[in-house]
Amino acid sequence: MRNAPALVVVFLFLGAFIIPVAEMKFRKLVPWLVLTPALLSSSLVFVMRARVWSEGPIRFHVGGWAPPWGIEMFVDEYTTTMLTAIFVVAVPVLLYSMASIPHELSPHLTSRYHALNLLLLGSLCGMTMAGDIFNLYVFMEISSLAACGTISAKGSRESVEASLRYFLLSELGSGCILLGIAIVHTLTGHLNMGLCLESMPYAASLAPSNVAAAAGLVSIGLLVKGALFPLHIWLPDAHAAAPTPSSAILSGLVVKVAAFALWRVLNRAFGSEVASSLRIFDIILLMATLGIILGSALALNQVHLKRMLAFSTVGQVAYVFLGLGLDSETAVRGAFLHLINHAVAKACLFLSAGAIWQKLGVSSIQKMAGIGRLMPVTMVCYSLAALSMVGIPPLGGFTSKWYLAKGALEAGRPFYVLVILVGSFLALLYTFPPLASSFFAARTDFRPVGSDGFREAPAAMLVSIVILGAACLIMGMDSSIAAQIIR
Amino acid sequence: MPEMVQSVVANHYYLVSMLLFVIGFHTMLTHSNLIKKIIGLNIMETAVFLFIVSSGYVDGAKPPIAEGPWDRGPFVNPLPSALILTGIVIAVSLTAFALSLVIQLYKFYGSLDADEIARIRLKEGERQSLCETRQH
Amino acid sequence: MESTIARTIGRLVLQFIQVMGLYIAFHGHLSPGGGFAGGTVIGASLVLAVLLDIPFRGKSVLKESFVLAESSCLIVYVIIGFVGIAAGTGFLSNLSARFPPGTPGSVLSAGFMVPLGVAICLKVASTIGSLFWALAREDTQDGVWNA
């Protein structure tokens, strides 16, 4: 399908805008309107994948206008990997949100929330496929606004405050990105990433400090959105205070797409010679190292389960940046693998945490004793996801950390293997206590929230949790999938 | 020295827009009043729009509207203006969203000052620990 | 605002503002402006109506009409894009999807620019109007805007 890149985004946006109208007249249609665009778009992604892997990158020109007059959407193998990650996480999370949002938000906000969710997903897809840096900026702003909207939909004090802090820091970054884009446009006269790449060496020879300023501004903005170590301050509050499906999408997808966008801009708009001459990757490596160690360490003394998971995201996203910063072939593959593995695992973790909160009213780690017997399926999937994040062999996380370590050796920097190991050890330290106490500790008295006596999570939520948990397992055991994902 | 003065005079639009950008950035970071932060965001974005628009200007050229097929004179570059239209719309939406969040926060905390809100939260956090289970 | 003078003048000027906005939107392909600018002008007229508390006929169903305007304008936009797909030339293609080009320089020309401009104009107008309306109303329920 020639128009698949545009249609992926269009279906999601169309769904998002039909939902408020449907809410006024046909309330029953809303669940279908949420799931149908997601399923349609994911089937389009599969079609695009098959085409890109057999024939090469797709360049879609909107309206038939070729660059430099028109907007281009560029889809290559890395893009389809990112899109697959988006939809593998998004479809179960949307299914989960059908069941959990009526309990978490006020009733007049649920369909607005679904609309914002679809807008968020559509803009993430658009950001992934953008072939112009300005188009990237527009989709990035849509995703930022939609994300802040879904966080503040909860209406509680913490969520509004977290949403405002995320918004202010994220827009600070966006202002820098816009200035960087403006400087690149002034220097090269192009906004299309391919054409920028061609004119960048000449521009760098004319005005090297301008190019450095533009690259620095764009990187700082995208690093704020990707929550790399010193710029991660907004993340714990935002991801812990959001409604559960939003936490899953934010932790699993939004920060990753920002990392992907950074890699894409640095490689395709600026070119790797410019990027390496400015030593941006070294700075990213330093921040990633600090992020892995300190992010995982800060997760150790968290009491609230979702806050611990949010800090753990800070640590794990730093792994992705580590892989992208090492800039060798295997390291980049490891980064993409870890992107998918962590997205799936973190989504599963957040969804199980939400199920535990909804069914048993438990939100802190100390009170998790004995839950394993009350909600066995949920906790088994939680364990699979947690162990995958740590990097235990038969699960997905091991493959990605292996690739990252190999990439570090290939780039000639064995120090980062040590960093990866220390990070995994810290992850084990903060993952193990909830698991152990939930399965092996004595059961305390729980008052189940909700009238039915059955303690396990409702069906829709359970299906999504099981799908994501199984995905963690499958990605680790079947190494051909890993090879398929990143060639 | 005279080359520097000459280049400053020639590029004074860029200089002013950078100055405005830094003012907006600084306001967003340092002032604790939430409304001032939003104003800082607007100043920052306006500065970038000024930068983009002034980069499209061609000395002594006409506005980019063709009177007819014979009109081929030098035109000002229309692309930056189109970029800025999109940018202005984005800035308006951001401001509206931020203001609605600030209104909500004011209803919750009774203050528009970020430090004050942090202080209130700290005091409440000491009084009520985070790890009690919350029923519906 | 309680002033009678302001309200009367506002009622008079409102209609001219809206005609001006529609003019800017319709002539987007010929002169500066287009959908966004025209929509902002019409949105300003809605802001004026809310600010001065000017009664107009659809005021009781304003909330639903904002939602309807935004959604239907996007659906119109997407349908115009799909016409391009149906003609086999790609999403949002203009002359290749056989939209009537017209004579250059007249209002009804340039393929789908005019319908698109009008759709964008109404969407932006309803956005600005609804944003201001939401922020200006004092009656909210539970601290959440009862949208």
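Counting restarts for each chain, with residues numbered from 1 along the sequence as it is written. The naming scheme follows written order: chains are lettered A onward, ligands numbered 1 onward. Given that this is a predicted model, residues contribute local features only at a pLDDT of at least 70 and side-chain atom pairs are listed and counted only at 80 or more, while totals for whole chains, interfaces and linings are drawn from all residues. Only heavy atoms go into the side-chain values, all of them from the structure, while hydrogens and water stay out.

### Observations regarding helix α13 (residues 305-326) of chain A
Residue and element names in this part refer to chain A.
- Helix length check: α13 (22 residues) gives 32 Å between terminal C-alpha atoms against 32 Å at 1.5 Å per residue, within 8%.
- Relative accessibility thresholds used throughout: buried, under 20% of the residue-type maximum; exposed, over 50%; partly exposed, between the two (1.4 Å probe, protein chains only). Working definition: helices are DSSP H or I runs of at least four residues, strands are E runs of at least two. Numbering for both runs from the N terminus. With 21 of its 22 residues buried, α13 lies for the most part within the structure.
- Backbone geometry just downstream of α13 places D327 in the positive-phi region, at approximately 60°. A helix is expected to span 1.5 Å multiplied by its residue count minus one.

### What about a nonpolar patch on the surface?
Residues and elements named next belong to chain A.
- The patches reported here contain residues having more than 30% relative accessible area and no salt bridge. Joining distances are 9 Å for like charges and 5 Å for nonpolar side chains (Val, Leu, Ile, Met, Phe, Trp, Tyr). Computed by Shrake-Rupley with a 1.4 Å probe, the accessible areas treat only the displayed protein chains as cover when residues are assessed. Note on definitions: salt bridges are taken to be side-chain nitrogens of Lys or Arg within 4 Å of carboxyl oxygens of Asp or Glu. On the surface, L286, L290, I293, L294, F415, L418 and V422 cluster together into a nonpolar patch covering about 590 Å² of accessible area.
- The element that contributes the greatest number of residues to the nonpolar patch is helix α12 (residues 280-298), accounting for four residues.
- In this structure, L290 sits in helix α12.
- A relative accessible area of 37% places L290 in the partly exposed class.

### Quick notes on the pattern of salt bridges
- Inspection of every chain in the model, using the stated rule, returns 14 salt bridges over all chains.
- Among the ionic contacts, a cluster of salt bridges with common partners joins A:E161, A:R165, A:D237, A:R307 and B:R121.

### Observations regarding the domain arrangement of chain A
All names here are of chain A.
- Those domain boundaries reflect an automatic or database domain assignment. Taken domain by domain, chain A consists of domain 1 (1-278) and domain 2 (283-487).
- Put simply, the middle of domain 1 and the middle of domain 2, counted by C-alpha atoms, are 23 Å apart.
- It only takes one pair of heavy atoms within 4.5 Å for two residues to be counted as in contact. With 43 residues of domain 1 at the contact, the number on the domain 2 side is 44 residues.
- Two parts placed together each lose some accessible area under a 1.4 Å probe, and adding up what both lose gives the buried area. A buried area of about 3,900 Å², summed over both sides, lies between domain 1 and domain 2, and 76% of it is on carbon and sulfur atoms.
- On inspection of domain 1 and its partner domain 2, the count reaches one salt bridge.
- The residue R307 makes a salt bridge to D237 at a minimum N-O spacing of 2.8 Å.
- Think of a polar contact as two N or O atoms within 3.5 Å of one another; within protein, one of them needs to be a possible hydrogen donor and the other a possible acceptor, and neighboring residues in sequence only count if both atoms come from side chains. Where domain 1 packs against domain 2, one counts nine residue pairs in polar contact (both at pLDDT 80 or more).
- The element that contributes the greatest number of residues to the side of domain 1 that touches domain 2 is helix α3 (residues 77-104), accounting for 14 residues.
- Classes in brief: Ala, Val, Leu, Ile, Met, Phe, Trp, Tyr, Cys and Pro nonpolar; Asp, Glu, Lys and Arg charged; the others, Gly included, polar. Taken together, the residues of the side of domain 1 that touches domain 2 sort by class into 29 nonpolar, 10 polar and four charged.

### Let's talk about the pairing of strand β2 (residues 72-75) of chain A
Residues and elements named next belong to chain A.
- Here β2 shows a buried face lined by E72 and F74 and a second buried face lined by M73 and V75.
- Paired strands, as defined in this entry, are two strands with at least two bridges between them according to DSSP. Here strand β1 (residues 58-61) runs beside β2; their pairing, made up of four bridges, is antiparallel. Bridging from a neighbouring strand, H61 pairs with E72 of β2.

### Some details on the confidence of the model for chain A
- Here chain A averages 88 in pLDDT, while 95% of its residues score no lower than 70.
- The pLDDT score gives, residue by residue, the confidence of the prediction method on a 0 to 100 scale. When the elements of chain A are averaged for pLDDT, helix α20 (residues 479-486) of chain A gives the smallest value, 65, and helix α5 (residues 133-152) of chain A the largest, 95.

### Considering the packing of aromatic side chains
- Working definition: rings of Phe, Tyr and Trp (its six-membered ring) pair if their centres are within 6.5 Å, and the pair is stacked with planes under 30 degrees apart, edge-to-face with planes over 60 apart, and tilted otherwise. With the rule as written, the count across this model stands at 17 aromatic pairs over all chains.
- A ring pair is formed by A:Y166 and A:W234, whose centres lie 4.3 Å apart and whose planes are at 15°; its orientation type is stacked. Note that A:Y166 is positioned in helix α6 (residues 157-188) and A:W234 in helix α9 (residues 234-241), a separation of 68 residues in sequence. There is no split in this pair, since A:Y166 and A:W234 are both buried.
- Aromatic side chains C:F82 and C:F91 sit 6.1 Å apart centroid to centroid with 70° between the ring planes, which places their arrangement in the edge-to-face category.
- Residue class for C:F91 comes out buried when judged on its relative accessible area of 7%.
- Taken together, the ring pairs in this structure connect A:Y78, A:F260, A:W263 and A:F336 into an aromatic cluster.
- Of note, A:R268 hangs over the ring of A:F74, and the distance from its end group to the ring centre comes to 3.8 Å.
- Any Lys NZ or Arg CZ that is within 6 Å of a ring centre and within 35 degrees of that ring's normal is treated as a charge sitting over the ring. The ring of A:Y403 has A:K406 sitting right over it, with the charged end atom 6.0 Å from the ring centre.

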